[in-house]
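# Residue-level structural notes
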Amino acid sequence: MSRQDDLLDFADTVKGFMPRDEGLALYRHALDRAERAPEGTWLEIGAWCGKSAVYLGAAAEQSASVVYSLDHHHGSEENQEGWEHFDATLVDPVDGRLNTLPAWQRTIAEAGLESTVVGLVGPSSVVASHFDQPLDLLFIDGGHGAEVAWADYEAWTPKVVPGGILMIHDVFPDPGEGGRPPYEIYLAALESGHFVDVAVEGSLRVLRRV
Ligand code: SAH
Ligand code: MG
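Scope of this entry: the structure provided in the associated data block. On a predicted model such as this, the values are computed, not experimentally measured, just so you know.

All right, on to the packing of aromatic side chains then. Going through the model one piece at a time under the given rule, you end up with five aromatic pairs. Ring plane angle 90° and centroid distance 5.6 Å describe the contact between tyrosine 68 and phenylalanine 131, whose orientation is recorded as edge-to-face. In this pair, tyrosine 68 is assigned in strand S2 (residues 66-71) and phenylalanine 131 in the loop between helix H5 (124-128) and strand S4 (135-140), connecting sequence segments 63 residues apart. What makes phenylalanine 131 buried here is its relative accessible area of 10%. Ring geometry for tryptophan 150 against tyrosine 153: centres 5.7 Å apart, planes inclined by 85°, an arrangement best described as edge-to-face. In this pair, tryptophan 150 and tyrosine 153 are both assigned in helix H6 (residues 146-156), three residues apart and thus about one turn of the helix distant. Ring pairs connect the aromatic residues Tyr68, Phe131 and Trp156, which therefore count as one cluster.

Laid out in structure tokens, this is it:
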């Protein structure tokens, strides 16, 4: 088995919200971008325990690209106690808050990706306003509430270079299947005229900046 096959199998074992077929699509489209533009700067919003970062990292590693994996690590609304995606094992006993940073660090270390996947810990909007590096690839999978999703769209998508890739997770055209904001920002990206559709895999949309 190759290093990349091992990484993709390992990603499948990491706790998180990315089905394998979507993770593999994330990997393939990232690799395609990597081949066109090596040594790229990539960023994902929404790190959780590092699952999508391993899929992206597996592609980045082959092209000397770096993935910034951004999260405040306290979870989204639906991850809090009493909500659908709560996981009591991720609560920090010291302050009672959700904290996915230790799990994220263990994932990236175990994957051997510490020089490829670099954590950015803080609110997305704060980091965005102090981040000037153009992005070859942007993966939006952070908060899914309207305010946060639109803030991510507005702050981060302008940083994607022409030819760069924008991927958005949890895009559900059917309101019965999931929340609206990821779908709305996907539509906005198309309507802006700056992005065109490249591919769909499950709830993952892949676009390219024209
Ligand atoms: N990509 C991950 C899943 C991300 S879940 C995987 O593959 O498993 C969404 C994440 O977004 C949560 O970890 C949450 O803490 C983070 N998040 C939500 N709103 C945020 C914000 N405003 N700034 C930074 N991170 C945020
Ligand atoms: Mg998601």
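Further notes follow.
Attention now moves to the pairing of S2. Here strand S1 (residues 41-45) runs beside S2; their pairing, made up of five bridges, is parallel. Opposite isoleucine 45, over in S2, you have leucine 70 as the bridge partner. Assessed by its sense of winding, the connection that carries the chain from S1 through helix H3 (residues 51-60) to S2 is right-handed. In terms of strand pairing, S2 meets strand S3 (residues 117-121) through five bridges, oriented parallel. Pairing of serine 69 across the sheet is with glycine 119, part of S3. In this fold, the crossover linking S2 to S3 by way of helix H4 (residues 101-110) has right-handed handedness.

Definitions and limits used
Residues numbered from 1 in each chain as written. Chains lettered and ligands numbered in written order. Predicted model: local features only at pLDDT ≥ 70, side-chain atom pairs only at ≥ 80, totals over all residues. Heavy atoms only, no water. Phe/Tyr/Trp six-rings, centres within 6.5 Å; stacked < 30°, edge-to-face > 60°. Helix = DSSP H or I, 4+ residues; strand = E, 2+ residues; numbered from the N terminus. Buried < 20%, exposed > 50% of the residue type's maximum accessible area, 1.4 Å probe, protein only. Pairing = 2+ DSSP bridges. Right-handed = clockwise from strand over helix to strand, strands pointing away.

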